[in-house]
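Structural features, examined
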Amino acid sequence: TIKGLTILLSDITAEAKRVAEEKRKAAEEKRVADAKKTAARRVVERAEEKRVADAKKVEKKLLNEVNTELSRIDKHTTKLKTFLTENLSSLSSEFMTLIVEKVTVIKTIKNENSFISKKEELKALKKLNHEISNFIFENNIATKAEIAEEKKRIADAKKAEEKRKAAEAKRIADAKKAEEK
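Residues numbered from 1 in each chain as written. Predicted model: local features only at pLDDT ≥ 70, side-chain atom pairs only at ≥ 80, totals over all residues. Heavy atoms only, no water.

**Focus on the overall build of the protein chain**
- When you go through the protein chain residue by residue, the secondary structure sums to four helices and zero strands.
- The order of helices and strands in the protein chain, counted from the N terminus, is α-α-α-α.
- Taking 16 Å as the expected radius of gyration for a compact globule of 181 residues, we find that the protein chain reaches 41 Å, considerably beyond that expectation.
- With respect to the three principal axes, the spread of C-alpha positions in the protein chain is 130 × 75 × 20 Å.
- A burial count over the protein chain gives 15% of its 181 residues as buried.
- Taking all contacts inside the protein chain whose residues are at least 6 apart in sequence as the whole, residues at least 24 apart take part in 74%.
- Surface summary for the protein chain: the accessible area is close to 14,600 Å², and the carbon and sulfur share equals 59%. (Helix = DSSP H or I, 4+ residues; strand = E, 2+ residues; numbered from the N terminus. Rg over C-alpha atoms; globule rule 2.2 N^0.38 Å. Buried < 20%, exposed > 50% of the residue type's maximum accessible area, 1.4 Å probe, protein only. Contact = heavy atoms within 4.5 Å. Areas by Shrake-Rupley, 256 points an atom, 1.4 Å probe, with all protein chains shown as cover.)

Written out as structure tokens, the structure is:
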């Protein structure tokens, strides 16, 4: 019958709409899930990029610190060698031997390549610099250039103090003259 066919056609149309709606919802859910996956992947990628960038910064800082310590070691070595050269005739053989041994130890540690990490190398170099600085300080080691520089600094400080005193005396004299008028 026509009424039956109309009902059947209406049911088929409704079912087709329901299936189409389910497909649309499934497609939307898949799109949302894909977007979430993509966003999550981007978050992970950004976190990894930041971690790598931070690690590079730390490594660069560590490398700069190692280079700074190496530079200090070079300065200490130069200072010890210069002191030895300048004072060769006046130093005891024991003290000369001690300085030569220190320079040898410095070179050995500086050129050592068996460090596990830059952190370990930095720690060893800092320790070496500390020990050498103490040795230089405790033995009052100074090159002629450093002695001359210190004398000049003291002389400059005395001149500056004399200028300050002269300026103060002038200020007082000027104040007295102004008072007398």
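**Describing the packing of helix H1 (residues 2-86) against helix H2 (residues 93-110)**
- At a minimum axis separation of 10 Å, H1 and H2 run at an interaxial angle of 160°. By the angle between their axes, H1 is roughly antiparallel relative to H2. In this structure, H1 crosses over H2, and the sense of that crossing is left-handed. Within the contact between the two elements, H1 uses Leu 70, Ile 73, Asp 74, Thr 77, Leu 80, Lys 81, Phe 83 and Leu 84 and H2 uses Phe 95, Met 96, Ile 99, Val 100, Lys 102, Val 103, Ile 106, Lys 107 and Lys 110.
- In terms of residue class, the contact of H1 with H2 is made up of eleven nonpolar, one polar and five charged. (Axes fitted to C-alpha atoms, helices over the stretch in contact; angles between N-to-C directions. Parallel < 35°, antiparallel > 145°, perpendicular 65-115°, else oblique. Left-handed = near helix turned anticlockwise from the far one by under 90°. Nonpolar A, V, L, I, M, F, W, Y, C, P; charged D, E, K, R; others polar.)

**Considering the environment of Met 96**
- If you trace the backbone, Met 96 turns up in helix H2.
- Looking at Met 96, the relative accessible area reads 22%, which means it is partly exposed.
- Once the C-alpha coordinates of Met 96 and Thr 85 are considered, the two residues, eleven residues apart in sequence, prove to be 9.9 Å apart.
- Apart from the residues lying within four places of it in its own chain, the contact partners of Met 96 are Leu 84, Leu 88 and Leu 91.

**Observations concerning the side chain of Glu 121**
- Mapped onto the fold, Glu 121 is located in helix H3 (residues 118-138).
- Residues in contact with Glu 121, not counting those within four places in the same chain, are Val 66 and Phe 115.

**Thoughts on the side chain of Thr 143**
- Relative to the assigned elements, Thr 143 resides in the loop between H3 and helix H4 (144-180).
- In this structure Thr 143 touches Lys 79, Thr 82, Phe 83 and Glu 86, once residues within four positions along its chain are discounted.

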